[in-house]
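Observations on chain architecture
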Amino acid sequence: MASTQAQDPQRRKRRTAWQLAVLAALVAGVMLIVRHQPSAPYRHNSGMVFGTVYNITYQSDSDLHAGIKAELQRVDASLSPFNPNSIISAVNRGEPVEADELFTRVFRLAEDVARETGGAFDITVAPLVNAWGFGFKQGTEPTPRAIDSLRSFVGFDKVRLSGRRVVKADPRLMLDCSAIAKGFGSDVVAAYLRSRGVENFMVEIGGEIVTKGVSERRVPWRIGVTKPTDDSLSTNQEVQTVLNVTDKAMATSGNYRNFYYKDGKKYAHTIDPHTGYPVQHNILSSTVLADDCATADAYATAFMVLGLERAQTILAEHPELMAYFIYSDDKGNNQVWFSPSLRDKIRK
């Protein structure tokens, strides 16, 4: 018994020493992280992709722009209709081509959003978009007969993936991923930054945004929603509101800047796949927050097609989405509606 009692203080001393060593290691690790985090600079990379500008801010000891550009080139090679060598360009020309992993992910997501929105989002709308002049900038109003002809082979139920092959019910069917590709590109770059251990970043491609962590000012990322005006040259940048967008994705679609006039009539850039004509709904600007930017991008476009009431119905069925709408009321005045869950993110 005496031997056991003599050993107990020794055991306690060894255990205490071990616990202190572990605690010291943890404290040293935390101090190292704290010292390192402010010392790593915030870097700013920008360039052109998908016919638009990208701006990426991230905190890293290394300049990752080469890797970022490589990721964007992968998306461009898969989904850009402006790249004649891309997979989607080959599909639109009716050439035999196998879909890669990026194309497949976007196609499957487009299927889901098309189904959830009753076809308001539809990547087969390309022939109608082009007919109205926004695809190839023709600016020529199509005839009702031409619209009816194009509608006969527009519809997401007329295309499917069989393995890695795109199967079209009509060879004239074309795909247009412009309403989802920028958001998806932002997701791809964000995934790359996470894979490199980047904890704080904002990725923005043509206004479609993914954020993580905090900004250079050590506060949540704050993104402005532009006030809608008839400003086709995008010279007005007055902010309607500012949202805290941290660890979220955000996309905005708006007709107030994308239109042209012909014979005194204003034509919006969003085409309703069901009617074949530019939408005439009251939403001027549709901003959607989601866990990924491709989803936010697709739903922001779909809500422009659906209008306020039908968009609100879908949002009630999808609590994972948040939306901020600027719309025109019956008297022509701008009004705002936003998801109740978005209230805490509004800073202005």
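See the structure above.
Conventions adopted
Residues numbered from 1 in each chain as written. Predicted model: local features only at pLDDT ≥ 70, side-chain atom pairs only at ≥ 80, totals over all residues. Heavy atoms only, no water. Helix = DSSP H or I, 4+ residues; strand = E, 2+ residues; numbered from the N terminus. Contact = heavy atoms within 4.5 Å. Salt bridge = Lys/Arg side-chain N within 4 Å of Asp/Glu carboxyl O. Buried < 20%, exposed > 50% of the residue type's maximum accessible area, 1.4 Å probe, protein only. Pairing = 2+ DSSP bridges. Axes fitted to C-alpha atoms, helices over the stretch in contact; angles between N-to-C directions. Parallel < 35°, antiparallel > 145°, perpendicular 65-115°, else oblique. Left-handed = near helix turned anticlockwise from the far one by under 90°. Nonpolar A, V, L, I, M, F, W, Y, C, P; charged D, E, K, R; others polar.

Looking now at the side chain of Ser215. Topologically, Ser215 is positioned in the loop between strand 6 (208-212) and strand 7 (222-226). In this structure Ser215 touches Tyr42, Pro220 and Trp221, once residues within four positions along its chain are discounted.

Bringing the pattern of salt bridges into the picture now. Counting across every chain of the model gives 11 salt bridges. With a shortest N-O distance of 2.9 Å, Lys248 and Asp291 are connected by a salt bridge. Of the two residues, Lys248 sits in the loop between strand 8 (239-244) and strand 9 (249-254) while Asp291 sits in the loop between strand 12 (283-290) and helix 8 (293-306), which places them 43 residues apart along the sequence. Asp291 sits in the exposed class, given a relative accessible area of 59%.

Before going further, it helps to spend a moment on the pairing of strand 14 (residues 334-338). Along any regular strand the residues' side chains alternate between the sheet's two faces. Here strand 13 (residues 322-328) pairs with strand 14 via 5 bridges, running antiparallel. Its bridge partner being in strand 14, Ser328 is matched across the sheet by Asn334.

Next up on the list: the packing of helix 7 (residues 181-195) against helix 8. Interaxial distance between helix 7 and helix 8 falls to 7 Å at its minimum, and their mutual angle equals 165°. Relative to helix 8, the element helix 7 is oriented roughly antiparallel. The two elements helix 7 and helix 8 meet at a crossing, and its hand is right-handed. Taking contact as the criterion, the partners of Ala181, Lys182, Gly183, Phe184, Ser186 and Asp187 in helix 7 are, on helix 8, Cys293, Ala294 and Asp297. Tallied by class, the residues present in the contact of helix 7 with helix 8 amount to 4 nonpolar, 2 polar and 3 charged.

Spatially, the 8 strands line up as an open sheet ordered 1-2-5-6-9-12-13-14, and their pairing is antiparallel. The two strands at the open ends of the sheet, each matched to only one other strand, are strand 1 (42-49) and strand 14. Direction aside, the axes of adjacent strands within the sheet are offset by 10° on average. Sheet topology note: the strand 1/strand 2 (residues 52-59) ladder contains 8 bridges and is antiparallel. Pairing of Ser46 across the sheet is with Asn55, part of strand 2. Sitting on the sheet, helix 2 (residues 65-79) touches strand 1, strand 2 and strand 5 (201-205), and the angle it makes with strand 2 is about 140°.

So, on to unusual backbone geometry. At Arg218, a position not held by glycine, the phi torsion is positive, near 65°. Positionally, Arg218 belongs in the loop between strand 6 and strand 7. The exposure class assigned to Arg218 is partly exposed, which follows from its relative accessible area of 42%. The phi angle at Asp247 is positive, at roughly 60°, despite the residue not being glycine.

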